[in-house]
Amino acid sequence: MNIGLIEFPQHTDEYGSLVPIEESDTVPFDIKRVYYIYGVENGMRRGFHSHVNLEQVLICVSGHVKILVKTPWEEKEILLNHPRSGLYIGPMVWREMFDFSEDAVLLVLASDHYRVEDYIRDYNKYEKMAQQYFAKP
């Protein structure tokens, strides 16, 4: 399905916990963009798109959020609720984020800069492109 959960290393002592995130080590790509989403109102859903080439890792560093990921053949709902866990989403995976807790902060690491042409926001168009992308040779 082109997704996977990543458990980041954690270092804890009497001063608290530290989670290192390093490109091409704990994250499977070079990080070119970092952003975060917070203050999402109760009941709001976000996302509703796929990317042609972009890879991302989503980390809920505070609170919790649910992520719906799907292809034309399968879908999964994943709860992100620990700052040590990240969800890798590769190209051509539809995603929706929902059920944000009031204190949720969703950190996103991306393999490229923002490029509007990489977004697919129409699900019917996505489905046709994804069927070709995931077709077995």
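Residues numbered from 1 in each chain as written. Predicted model: local features only at pLDDT ≥ 70, side-chain atom pairs only at ≥ 80, totals over all residues. Heavy atoms only, no water.

Caption draft 1: Representation of the layout of surface pockets. Of the volumes computed, that of the largest pocket is approximately 170 Å³. As for the largest pocket, its lining consists of Y35, I37, R46, G47, H49, H51, Q56, L58, R95, M97, V108 and Y119. Element by element, the count of residues in the lining of the largest pocket is highest for strand 5 (residues 46–51), at four residues. (1 Å grid on protein atoms, 1.4 Å probe; cavity = no way out; pocket = protein on both sides within 12 Å on 5 of 7 lines; lining within 4 Å. Points joined across faces, edges and corners; volume = space filled by probe spheres on them. Helix = DSSP H or I, 4+ residues; strand = E, 2+ residues; numbered from the N terminus.)

Caption draft 2: Highlighting the sheet that holds strand 9 (residues 85–89). Strand order in the open sheet made by the five strands is 1-9-6-11-4, with antiparallel pairing throughout. Looking along the sheet, the strands with just one partner apiece sit at the ends: strand 1 (3–7) and strand 4 (33–38). The average angle at which neighbouring strand axes cross in this sheet is 25 degrees, direction not considered. Here strand 6 (residues 56–62) pairs with strand 11 (residues 105–110) via six bridges, running antiparallel. What sits directly across from V57, in strand 11, is L109. (Pairing = 2+ DSSP bridges. Axes fitted to C-alpha atoms, helices over the stretch in contact; angles between N-to-C directions.)

Caption draft 3: View of the pattern of salt bridges. Taken as a whole and assessed by the stated rule, the structure comprises four salt bridges. Linking E96 and R45 is a salt bridge whose minimum nitrogen-to-oxygen distance equals 2.9 Å. One end of the pair, E96, is in strand 10 (residues 94–98); the other, R45, is in the loop between strand 4 and strand 5, and 51 residues separate them in sequence. Among the ionic pairs, K70 bridges to E75, the shortest N-O distance being 3.7 Å. We classify K70 as buried; its relative accessible area is 18%. (Salt bridge = Lys/Arg side-chain N within 4 Å of Asp/Glu carboxyl O. Buried < 20%, exposed > 50% of the residue type's maximum accessible area, 1.4 Å probe, protein only.)

Caption draft 4: Just the nonpolar core, in detail. The biggest cluster of nonpolar side chains holds 17 residues, and the ones touching the most others in it are L58, V65, I67, L80, M97, F100 and L106. Of all the secondary-structure elements, those providing two or more residues to this core are strand 6, strand 7 (65–70), strand 8 (75–80), strand 9 and strand 11. Sequence-distant contacts of I67, that is, excluding residues within four places in its chain, are made with L58, K76, E77, I78, L80, L87, I89, E96, M97, F98 and L106. (Core = buried A, V, L, I, M, F, W, Y, C linked by side-chain atoms within 4.5 Å. Contact = heavy atoms within 4.5 Å.)

Caption draft 5: Fine view of the environment of G63. With respect to the element layout, G63 can be found in the loop between strand 6 and strand 7. The class of G63 is partly exposed, set by a relative accessible area of 24%. Residues contacting G63, with those up to four places away along its chain left out, are L80, N81, S101, D103 and A104.

Caption draft 6: Here's a closer look at the packing of aromatic side chains. Tallying each qualifying case throughout the model produces eight aromatic pairs. Here the aromatic rings of W94 and Y126 are separated by 5.5 Å at their centres, their planes lie at 45 degrees, and the arrangement is tilted. One end of the pair, W94, is in strand 10; the other, Y126, is in helix 1 (residues 123–133), and 32 residues separate them in sequence. Centre to centre, the rings of Y123 and Y126 are 5.4 Å apart; their planes meet at 45 degrees, and the pair counts as tilted. Taken together, the positions of Y123 and Y126, both in helix 1 and three residues apart, correspond to about one turn of that helix. The partly exposed category is assigned to Y123, whose relative accessible area is 23%. Judged by its relative accessible area of 0%, Y126 falls in the buried class. Here the aromatic residues W73, Y133 and F134 are joined through ring pairs into a cluster of three or more. In this structure, R45 is placed above the aromatic ring of F98, and the distance from its NZ or CZ to the ring centre is 4.1 Å. (Phe/Tyr/Trp six-rings, centres within 6.5 Å; stacked < 30°, edge-to-face > 60°. Lys NZ or Arg CZ within 6 Å of the ring centre and 35° of its normal.)

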